[in-house]
Amino acid sequence: MMCTTASEDFPESKELNEKSDDFGDIAIFEGSVKMCGTEALEDGLLVDPDKCGMCGGPLLVSRMLHCLHSFCEECLDKKLVGEGGDAGTVDATIDCPTCGHETKVGTKKLAALPLDVTKTNIADVSNSSSLHCTSCTAKEVAKSRCNTCHNLLCNHCDSAHHYMRCFESHQVVALEDMRKDGIKITIHKPLECDIHKGENLIYYCNTCSTTACNECMKNEHKGAEHHAEGIADSEMRVRQEIKALLSESQSKVDQLMKLSTGLNNSLEELAHQRSTARDLINESYQSYKAVLEKCKDEALTKLNELYHERELIIMKENDEVGKTIGNFEDARSYTTRLLEISTVPEIMYLKKTVADRLLELNNNTPKFDETFQIEFCTDFGSFEAMVKEHFGTFRTEKSRESSPGVPALAPLTVTQPLTNGCNTSITNSSPISLPTSMQSSFDGDLSGNMQNFALAQSPPLPQLATLAESTNSAATSPTPPFNLADFLTSDTAYKNLASLAKLGLNTDNPITNGTMIVRSTSPSSLNMTNTLINGFGGVSSSTSPLLSTPDDIMSDPMSNILPAPTTNPNGTHTRSNKVSPMQIRSKFGQLGPNKGQFNSPHGFCLGLEEDIIVADTNNHRIQVFDKSGAFKFQFGTSGKDEGQLWYPRKVAVMRTTGKYVVCDRGNERSRMQIFTKNGHFLKKIAIRYIDIVAGLAVTGHGEIVAVDSVSPTVFIISESGELIRWFDCSDFMREPSDIAIHGKEFYVCDFKGHNVVVFSDEGHFLRRIGCESITNFPNGIDISDAGDILIGDSHGNRFHVAVFSRDGCLISEFECPYVKVSRCCGLKITSEGYVVTLAKNNHHVLVLNTLYIL
């Protein structure tokens, strides 16, 4: 690519009949071309246009190649000879030493190349004391210069240029002013004909597209077929043609610049896609490895079953054989003794009895299969071929062009025998991806089709959990109204009481639906349940999380009774003996560009109706789902203009109006835009002072709160876009990752500090919550209506939630062991108490059942 700039330091002379032609102007423009691409660089500096690009010396006889690069005639001649062009063949060519463009010279060789008249035809007369007019034949002293026709003007010509209409567009500059400004004063020598020496070029033959002199018009360009005109007459037309080509070339340059920008973006996106694909490859390996581990365990279990089954058969048969041998030995011993000591009458007397017994034993000898075989058969070749076929393939732009309807990955089908006798198959057709469950499961949750199986394997919530959720809302659960008498006199009273001890039934402060944390605060209620339960069997009270089945309580009543977590005097937290499991309520989303699919989503929030609004970052859009995971709608098109989205990272909802606040890159590091609740663009808010928005929230007064992760700072912005206030929190934290607001307190997650820092709404530091052993790399936070603080992280590829009181005391911990996650972003609580999080690298949303703690 070349950048061209027209220089006004190269004036031309324009003489008619005996003067230079007007093509000097066009040549001058091209002669002022300055290279600014990499091809014009030598040792990091721009090439001097007045020097030869081959020998580095001044341009003596300058010849121009077809690419408009000029070199010494002698240098080009040497290069032409070196490339075999001295033979003078019809196809002789020469390659430009600067850009490599090929120029055909043919048999004429260098004579076929035009002289660069912009360098050979201009004379610098700045130091001349006597300059004469070059625009007329009077040869009077010049007083000015026309930068349009590039002539020196005398008084008469200067007046003509000022008053005659034909010169009204010409620019005239006094020579005195040019000398004061240090501008070179140049004149152009008349162009002479190469064929007829001494003749000036004053005509232009449109048929031959070349200049001509008087003699040329009489000979070479003679005849009606040659359409020639004076150079002065063709000036305007030629200028317009050249300017049109120049304008078109500028548009091409603009297009190429946009293309270059797009390619740079593509390179960045390609690097991101490689990183994502690499993560998925590693995750695929781990997931398939988990499947193989499961196959191995089941195969070993089956082997033991087969062995014990045959072992029992062999032992039984061996016992029967032993008995038969004993019978034979007894019968033979008696018969031998009979023959040895008995008389003939005695033998004859017992003959029938003895013979019948021996005959019975001889005819009824048991026959057993002595061949037992257990052999494990496997086809390694077929397995290797299957793994290579189904491990995963890559989809590129070429595969989409050649097969737009074919999925990127071959469908993956795994039929795995399970211990309960069920067969489950999983399929996948998403690009560079595993099935949704295979992206994250290490415990046998092989696909979305296995949801019922997975729930069957994991303990469901106890009945009390349902009861607690539905006490004030019969519409949300089929559980009948709570009756204490029925509860205590039922057949499952012991189970109910054990659950009651964990739930902590509070008659003074009944459990209500809509509170995520169900926790007892009444000592009297705990004492009551302690008395009742101890009367049934001495089961002590508990403050541990309630997340087990009644059957578990019956089989081992003490298995989940744990001491309450405590906070040490030095501020550290003591971890409880057990981290309770969290149950998956639903999981949706996978890698892809379609509805309901995601590509590295970085943030989400809950809407007015508790819809799940996801910032689908690499798909440049916002997707809206109901809380069950059903797709509702999406908005946003890829782009950097207002109303478009470019890598949206965070989204929040204004509770009073339902408007969406979206933070993306835009043309700068960060941009904030407001959309209606239906996704229509309203306005843009400039936030040039923020590098990367790590947390986004809206206060109860409608103020937007954004946290910068690069230089930890909290900004409070009005809906109109006014920066209300801000405060620097870099002295108290390292890298913010999320924010939650409760009353007049701001809770900011410190990702690298492994805790949550609490500030007042004026920016005053209040306290810290959590520590490295409990809240490792926190990336999500929310606060229940009761004031319990939930801090989420995905350290160790498990979604982990630590629950704290407002003063920072650890209450309980939960973990989801059924799904492997990578880089969870955010944590939100629904009115039913469900916990929602977003697994960015797994490209899905997790909804977990209500957590219960005492």
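Residues numbered from 1 in each chain as written. Predicted model: local features only at pLDDT ≥ 70, side-chain atom pairs only at ≥ 80, totals over all residues. Heavy atoms only, no water.

> What exactly am I supposed to notice about the state of the cysteines here?
Working definition of a disulfide: a covalent bond connecting the sulfur atoms of two cysteines. Across all of its chains, the model carries zero disulfides by this definition. Cysteine C136 is unpaired, with the sulfur of C133 as its nearest cysteine sulfur at 3.6 Å. Judged by its relative accessible area of 21%, C136 falls in the partly exposed class. For C193, which is in no disulfide, the shortest distance to another cysteine sulfur is to C216 and amounts to 3.6 Å. By relative accessible area, which is 5% here, C193 ends up buried. (Disulfide = S-S within 2.5 Å. Buried < 20%, exposed > 50% of the residue type's maximum accessible area, 1.4 Å probe, protein only.)

> Help me understand the packing of helix α7 (residues 235-341) against helix α8 (residues 344-363), please; the structure alone is not making it clear to me.
Angle between the axes and distance between the axes are the two parameters that describe a pair of packed helices. The N-to-C vectors of α7 and α8 enclose an angle of 160 degrees; their axes lie 11 Å apart at closest approach. In this view, α7 runs roughly antiparallel relative to α8, as classed from their interaxial angle. In this structure, α7 crosses over α8, and the sense of that crossing is left-handed. Contact residues: N327, F328, A331, Y334, T335, L338, L339 and I341 in α7; E346, I347, L350, V354, R357, L358, L361 and N362 in α8. Its residues placed into classes, the contact of α7 with α8 shows 11 nonpolar, three polar and two charged. (Axes fitted to C-alpha atoms, helices over the stretch in contact; angles between N-to-C directions. Helix = DSSP H or I, 4+ residues; strand = E, 2+ residues; numbered from the N terminus. Parallel < 35°, antiparallel > 145°, perpendicular 65-115°, else oblique. Left-handed = near helix turned anticlockwise from the far one by under 90°. Contact = heavy atoms within 4.5 Å. Nonpolar A, V, L, I, M, F, W, Y, C, P; charged D, E, K, R; others polar.)

> I would appreciate a short explanation of the environment of L110 in the present structure.
Turning to its location among the elements, L110 is positioned in the loop between β6 (102-104) and α3 (117-120). Between the C-alpha atoms of L110 and M64, which are 46 residues apart in sequence, the distance is 9.6 Å. Not counting the four nearest positions on each side in its chain, L110 is found in contact with R63, E73, L76, D77 and L80.

> I tried to follow the confidence of the model for the chain on my own but got confused; where do I start?
Predicted coordinates in areas of low pLDDT are best not read in detail. Mean pLDDT over the chain works out to 74, with 72% of the residues at or above the 70 mark. Below pLDDT 50 for its whole length, residues 1-46 participates in 117 contacts with residues either more than four positions away or in separate chains. Counted against residues more than four places away or in other chains, residues 405-565, with its pLDDT under 50, gives 303 contacts. (pLDDT = per-residue confidence, 0-100.)

> How should I be thinking about the nonpolar core in this particular structure?
Grouped burial of nonpolar side chains is what soluble globular proteins tend to show. Ranked by internal contacts, the top residues of the largest apolar core, which has 19 residues, are M582, L790, F799 and V801. The set of elements that each furnish at least two residues to this core consists of β37 (799-804), β38 (810-816), β39 (824-829), β40 (835-839) and β41 (844-848). Among residues more than four places away in sequence, those in contact with F799 are M582, G792, D793, F814, E815, C816, V821, C824, L827, V835, T837 and L848. Formed by 16 residues, the second largest nonpolar core is a distinct cluster that contains C663, M672, L696 and A706. (Core = buried A, V, L, I, M, F, W, Y, C linked by side-chain atoms within 4.5 Å.)

> Would you mind showing me how to read the packing of aromatic side chains here?
Each aromatic ring pair is characterised by the separation of its centres together with the angle its planes make. Taken as a whole and judged by the stated rule, the model has 17 aromatic pairs. Aromatic pair Y288 and F391: ring centres 5.5 Å apart, planes at 45 degrees, arrangement tilted. Here Y288 is found in helix α7, whereas its partner F391 is found in the loop between α9 (380-390) and α10 (397-402), with 103 residues between them in sequence. Note on Y288: relative accessible area 15%, which makes it buried. Residue F391 is classed as partly exposed on the basis of its relative accessible area of 29%. Seen from their ring centres, F588 and F625 are 5.0 Å apart, and the 45 degrees between their planes marks the pair as tilted. (Phe/Tyr/Trp six-rings, centres within 6.5 Å; stacked < 30°, edge-to-face > 60°.)

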